[in-house]
Amino acid sequence: KNLGELEIFVKERSAYVTQTTLYGYLKTRMGLKYTLMFSDDIFLRSVEKSKWNIFAEAVGDLTLYALNDLYNKNKLNQISPKSFYSNILDKEKNNGMPIDIIEKAKLSFEKRVDNKDFNIEEPFYNSGIALYNWSPIADDLKILDKEIVINSIKNKWKHVIDDFIRLTKNF
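A. How the structure looks around the packing of helix 1 (residues 3-30) against helix 3 (residues 41-72). Two numbers describe how helix 1 lies on helix 3: the axes approach to 8 Å, and their chain directions differ by 135°. Between helix 1 and helix 3, the angle falls in the class oblique. In this structure, helix 1 crosses over helix 3, and the sense of that crossing is right-handed. When grouped by side-chain class, the residues that make up the contact of helix 1 with helix 3 number 18 nonpolar, four polar and three charged.

Here it is in structure tokens:
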């Protein structure tokens, strides 16, 4: 109904998409060794770094989609996507998001907005590529999985968009 609720929606749904696709991919790729790998500290640090980088892209994708949609439906005056995005990431410091990842993500998002680099036909492309690039899976295995991984995140985003449309009727 308002920007505060929209911010919560973007953060929570981005986290949902990030976690379900990342951990789902890891579980599928690792099979029975999945639970064993989560006792390896090096692997855990890699997963944590991956999670935050994918999350940053997911927040960026959903921010641009949501603000653009609401603006085009005359439900929102022009607001700064950069400020909206930065506000979400800054609050994630309390949840353990590393400051270096936050700062790098903000710069990347600013460039994306300044260059009007958002794909209206595929608004969640960046988070799909982030999932593919950041997942701690051997590169030779990832090559075989690229299309599947990107499609898996697209499918998760479809559910989020359905919820977004339903929930913003009274925005």
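Let us keep going from here.
B. Molecular detail of helix 4 (residues 81-91). Those residues of helix 4 that sit buried are F84, Y85, S86, I88 and L89. Considering only its buried residues, helix 4 is in contact with helix 1, helix 3 and helix 5 (99-114).

C. Representation of the nonpolar core in the model. Core analysis: the largest hydrophobic core is formed by 46 residues, its most contacted members being L6, L26, L62, M97 and W157. Mapped by element, the contributors of at least two residues to this core are helix 1, helix 3, helix 4, helix 5, helix 6 (125-134) and helix 7 (139-167). Ignoring anything within four residues of it in the chain, the contact list for M97 reads W52, F55, A56, L89, E92 and I102.

D. View of the pattern of salt bridges. Under the definition given, this model contains 14 salt bridges. One salt bridge connects K91 with E7, and the closest N-O pair in it is separated by 2.4 Å. Of the two residues, K91 is situated in helix 4 and E7 in helix 1; the sequence distance between them amounts to 84 residues. Its relative accessible area of 44% is what places K91 among the partly exposed residues. Note that D145 and R29 form a salt bridge whose closest N and O atoms lie 2.8 Å from each other. Placement of the pair is D145 in helix 7 and R29 in helix 1, with a sequence separation of 116 residues. You can call R29 partly exposed: its relative accessible area is 31%. Taken together, the shared-partner salt bridges in this structure form one network comprising D90, K93, E103 and K106.

E. Structural view of the packing of aromatic side chains. Throughout the structure, instances matching the rule amount to eight aromatic pairs. The interplanar angle of 70° and the centroid separation of 5.8 Å between the aromatic rings of Y65 and F164 together place this pair among those described as edge-to-face. Of this pair, Y65 sits in helix 3 while F164 is found in helix 7, placing the two residues 99 residues apart along the sequence. Each member of the pair, Y65 as well as F164, carries the same accessibility label: buried. With a centroid separation of 4.0 Å and an interplanar angle of 15°, the aromatic rings of Y85 and F109 are classed as stacked. Of this pair, Y85 sits in helix 4 while F109 sits in helix 5, placing them 24 residues apart in sequence. Each member of the pair, Y85 as well as F109, carries the same accessibility label: buried. Among the aromatic residues, those joined into a ring-pair cluster are F9, Y65, F124, W157 and F164. In this structure, K142 is placed above the aromatic ring of Y132, and the distance from its NZ or CZ to the ring centre is 5.8 Å. One residue, K146, lies across the ring of Y132, its end atom 5.2 Å from the ring centre.

Criteria and cut-off values
Residues numbered from 1 in each chain as written. Predicted model: local features only at pLDDT ≥ 70, side-chain atom pairs only at ≥ 80, totals over all residues. Heavy atoms only, no water. Axes fitted to C-alpha atoms, helices over the stretch in contact; angles between N-to-C directions. Helix = DSSP H or I, 4+ residues; strand = E, 2+ residues; numbered from the N terminus. Parallel < 35°, antiparallel > 145°, perpendicular 65-115°, else oblique. Left-handed = near helix turned anticlockwise from the far one by under 90°. Nonpolar A, V, L, I, M, F, W, Y, C, P; charged D, E, K, R; others polar. Buried < 20%, exposed > 50% of the residue type's maximum accessible area, 1.4 Å probe, protein only. Contact = heavy atoms within 4.5 Å. Core = buried A, V, L, I, M, F, W, Y, C linked by side-chain atoms within 4.5 Å. Salt bridge = Lys/Arg side-chain N within 4 Å of Asp/Glu carboxyl O. Phe/Tyr/Trp six-rings, centres within 6.5 Å; stacked < 30°, edge-to-face > 60°. Lys NZ or Arg CZ within 6 Å of the ring centre and 35° of its normal.

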